[in-house]
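Structural overview for review
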Amino acid sequence: MREVPLRDQCALSSSRLTGEDARFRMAPGHLGELTRYLPVELVDAVLAETRTVERRLRCLPSRVGVYFVLALTLFPSLGYSRVWDKLTAGLRSYVRLCPSEKALRDLRRRLGPAPFKALFEIVAGPLAQPTTAGVCYRRWRTVAFDGCSAVKVPDCERNRAWLGRIQARLGWAGYPMLRLMTLCETGTRGVLGAAFGPISQYETGYARQLLPLLDATMLVLADRGFDADDFLADTAATGAQLLIRVTARRRPAILAALPDGSYLTRLGRLKLRVIDAEITMTASSGERVVEHYRIATTLLDCRRDPAETLVRLYHERWEVESAFYALRHTLLRGTVLRSHDPIGLEQELWAQLTVYQLLRTAMVDAVESRPGSDPDRASFTIALEAARDQLTLAAPAQDAARDALIGVVGTAILAGLLPPRRRRTSARAVKAGRTRYPVKPDERRPRRSRPITSLVLIVRPAPTSPPSTRSDDPVDRRKAVRGTRPMGAGHRNRVFHLMSRQPDRVWRPIEVAAHLDVPNIATQMNQWATEGVLRKVGYGKYTLADEWKTAH
């Protein structure tokens, strides 16, 4: 092909372009072997739907721009010109166009974030078959909510106006940060959906945007940041099952104790089963850590879903942390995003999530070609490096690579399967000089990763009888007389069991205090009415809430 100067090529109108010229200009529109998961027909359809197709065929068509922006996420440390060289390195006989960085930047602005968001919504979703190892618990596919607030963006005025500045422990953070919330399939670490924005908004606010992605085939795992009553009720309303850790400060009233040590309760409008477990872990270096887990679930049958099994299943929630590590450190290499305005940041993040999902899809396809293999054993680093090599070689131009079952990327993944995961532990700490998350002074885990030699799980049985309110401590007795001693879960359970004997009776706090031999219980009963255990029917008059009248 005769090399034509860029200014002369841009002067050509679409009416003068032949089919051969159009093919040459579309040649850089590829993503290596990953193009098999994102074909040009799909990209063209998305461009037409989002109305971002070029009005006339120029040197840099919109299709080429989409693949170029996706290629930027594969090479985060390279500039525009170097990434363009990667795209065209295997197409020297077709493409000799060398656009300027300004032309490539204008191409990004012309596209905007809309086509990349649409592409991500198409490729996002569950990746593995239900029969794949480690994907499902019983008939439910395990998924997890979590957020990452460590995505750094350039420190410029427009980004600060959107995201604000971050107050760190030793002063202002060097870069603004945004919060990325994902719904992740724990078995494959594939992303079902994502939302992002300023970190000033709570995680549950972003998670609510992803609730429509849940259905009755899923079991949701989440940590203590998602245990709000309203959020639990809204999540359960989607039909999905829940397995969520709740804070130790929450002491739910006991509806009924179950044989395996768990008990039934209500949190807001939702009836749940609570499991209190104590996990003792011993590392090879001798450190011994004891932790208490309080887990709430909508799986109420203790025979089909034993408490110990559910506590061990909760550990799968940590797979979403591995997804963030691959997304933030392996793919992005811990660097700052490129864009200096919110529109560019949106485009960049949707493109990054799309490429991440394409890599996970290639990994799952490769693992499922070997029955019985767990997707956890596939290496994201190997998949990423193989995809980069195939992009530089322009693999889609080779028919043999296009027709292969798993391709070169899948072959590399299978050749480098990781060994089964070892049990190990280490202190949770961010390795940065000016971090907002220093190591806790009372951290008992080893600072370096150590193998776990012993792991003992004990389910604490639910108390069958409320504790006594009597105290031999004179200070505590004086506090009880003044009414300043806190009323704990034991008192609430005693009140509940007392009122459940006559569920339709209207009680006054003085009557309850007389029956239970406790003083000044009016404030606590008002609080329990706020929590939904009691219902206030008048001034100083309470009855058991309707949901709590059918305790057993």
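In this section: the side chain of Arg338. Within the secondary structure layout, Arg338 lies in the loop between α12 (319-331) and α13 (342-368). Nearest to the buried, unbridged Arg338 among oppositely charged side chains is Glu348, at 4.4 Å. Here Leu78 takes part through its backbone oxygen, which lies 2.8 Å from a polar atom of the side chain of Arg338.

To continue, consider the pairing of strand β10 (residues 263-267). The element β10 is largely enclosed, with a buried count of five among its five residues. With burial as the criterion, each face of β10 is covered, one bearing Tyr263, Thr265 and Leu267 and the other bearing Leu264 and Arg266. Pairing of strand β9 (residues 256-257) with β10 involves two bridges; the strand directions are antiparallel. Residue pairing in the sheet places Ala256 in a bridge with Leu264 of β10. Linking β9 to β10, which pair antiparallel, is a turn of five residues; within it Gly261 sits at a positive phi near 100 degrees. Sheet topology note: the β10/strand β11 (residues 270-283) ladder contains five bridges and is antiparallel. If you follow Tyr263 over to β11, its bridge partner there is Val274. A loop of two residues connects β10 with β11, the two strands running antiparallel in sequence, and Gly268 in this loop sits at a positive phi of about 70 degrees.

Here we take up the nonpolar core. Within soluble globular proteins, side chains that are nonpolar tend to cluster in buried spots. Judged by nonpolar contacts, the single largest core of 95 residues is most densely connected at Leu31 and Phe68. The element contributing the most residues to this core is α13, with 13 residues. Leave out the neighbours within four places in its chain, and Phe68 touches Tyr80, Val83, Trp84, Leu87 and Leu104. Counting 25 residues, the second-largest nonpolar core is a separate cluster that includes Phe145, Phe226, Val246 and Leu267.

Quick look at the pattern of salt bridges now. Enumeration according to the criterion identifies 25 salt bridges in this entry. As a salt-bridge pair, Arg505 and Glu511 come within 3.6 Å of each other at their nearest N and O atoms. We classify Arg505 as partly exposed; its relative accessible area is 27%. Assessed through its relative accessible area of 27%, Glu511 is described here as partly exposed. Among the charged side chains, a network of salt bridges with common partners joins Asp146, Asp223, Arg317 and Glu321.

With a phi angle near 65 degrees, Arg189 is a residue other than glycine that sits in the positive phi range. Looking at where Arg189 falls in the secondary structure, it is placed in the loop between β5 (177-185) and β6 (190-198). Arg189 gets classed as buried once you look at its relative accessible area, which sits at 11%. With phi around 60 degrees, Arg333 is a residue other than glycine that occupies positive phi space. You can see Arg333 is positioned in the loop between α12 and α13.

Before going further, it helps to spend a moment on helix α14 (residues 380-392). For α14, with 13 residues, the first-to-last C-alpha span of 19 Å sits near the 18 Å given by 1.5 Å per residue. Among the residues making up α14, those that are buried are Phe380, Ala383, Leu384, Ala386, Ala387, Arg388, Gln390 and Leu391. In this fold, the buried residues of α14 make contact with α4 (62-74), α5 (80-88), α12, α13 and α16 (407-415). Where α14 begins, the side chain of Ser379 points an oxygen toward the backbone nitrogen of Thr381, at a separation of 3.4 Å. Two residues or fewer after α14 comes Ala394, characterised by a positive phi angle close to 55 degrees.

Right, let's talk about the packing of α14 against α16 for a bit. In the contact formed by α14 and α16, the axes pass within 9 Å of each other and the chain directions differ by 150 degrees. If you check the angle between α14 and α16, you find them roughly antiparallel. In the packing of α14 onto α16, the handedness of the crossing is right-handed. Every residue of α16 that contacts α14 at Ile382, Ala383, Ala386, Ala387 and Gln390 is listed here: Val408, Val409, Ala412 and Ile413. Each residue belonging to the contact of α14 with α16 can be placed in one class, and the counts come to eight nonpolar, one polar and no charged.

Okay, the packing of aromatic side chains next. Considering all chains together, one arrives at 10 aromatic pairs under this definition. An angle of 65 degrees between the planes, with centres 6.0 Å apart, marks the rings of Phe145 and Phe231 as edge-to-face. Pair noted here: Phe145 is in strand β2 (residues 140-152) and Phe231 is in helix α10 (residues 229-236), with a separation of 86 residues, a long-range link. For the residue pair Phe145 and Phe231, the accessibility class agrees, reading buried in each case. Residue classification places Phe231 among the buried positions, given a relative accessible area of 2%. For the cation-ring pair, Arg388 lies above Phe75, with the distance from its terminal atom to the ring centre recorded as 5.9 Å. In this structure, Arg505 packs its charged tip against the face of Trp507, placed 3.7 Å from the ring centre.

Conventions we followed
Residues numbered from 1 in each chain as written. Predicted model: local features only at pLDDT ≥ 70, side-chain atom pairs only at ≥ 80, totals over all residues. Heavy atoms only, no water. Helix = DSSP H or I, 4+ residues; strand = E, 2+ residues; numbered from the N terminus. Buried < 20%, exposed > 50% of the residue type's maximum accessible area, 1.4 Å probe, protein only. Lys, Arg positive; Asp, Glu negative; His and termini not counted. Salt bridge = Lys/Arg side-chain N within 4 Å of Asp/Glu carboxyl O. Polar contact = N/O pair within 3.5 Å; in protein donor to acceptor, adjacent residues only side chain to side chain. Pairing = 2+ DSSP bridges. Core = buried A, V, L, I, M, F, W, Y, C linked by side-chain atoms within 4.5 Å. Contact = heavy atoms within 4.5 Å. Expected span 1.5 Å × (residues − 1). Axes fitted to C-alpha atoms, helices over the stretch in contact; angles between N-to-C directions. Parallel < 35°, antiparallel > 145°, perpendicular 65-115°, else oblique. Left-handed = near helix turned anticlockwise from the far one by under 90°. Nonpolar A, V, L, I, M, F, W, Y, C, P; charged D, E, K, R; others polar. Phe/Tyr/Trp six-rings, centres within 6.5 Å; stacked < 30°, edge-to-face > 60°. Lys NZ or Arg CZ within 6 Å of the ring centre and 35° of its normal.

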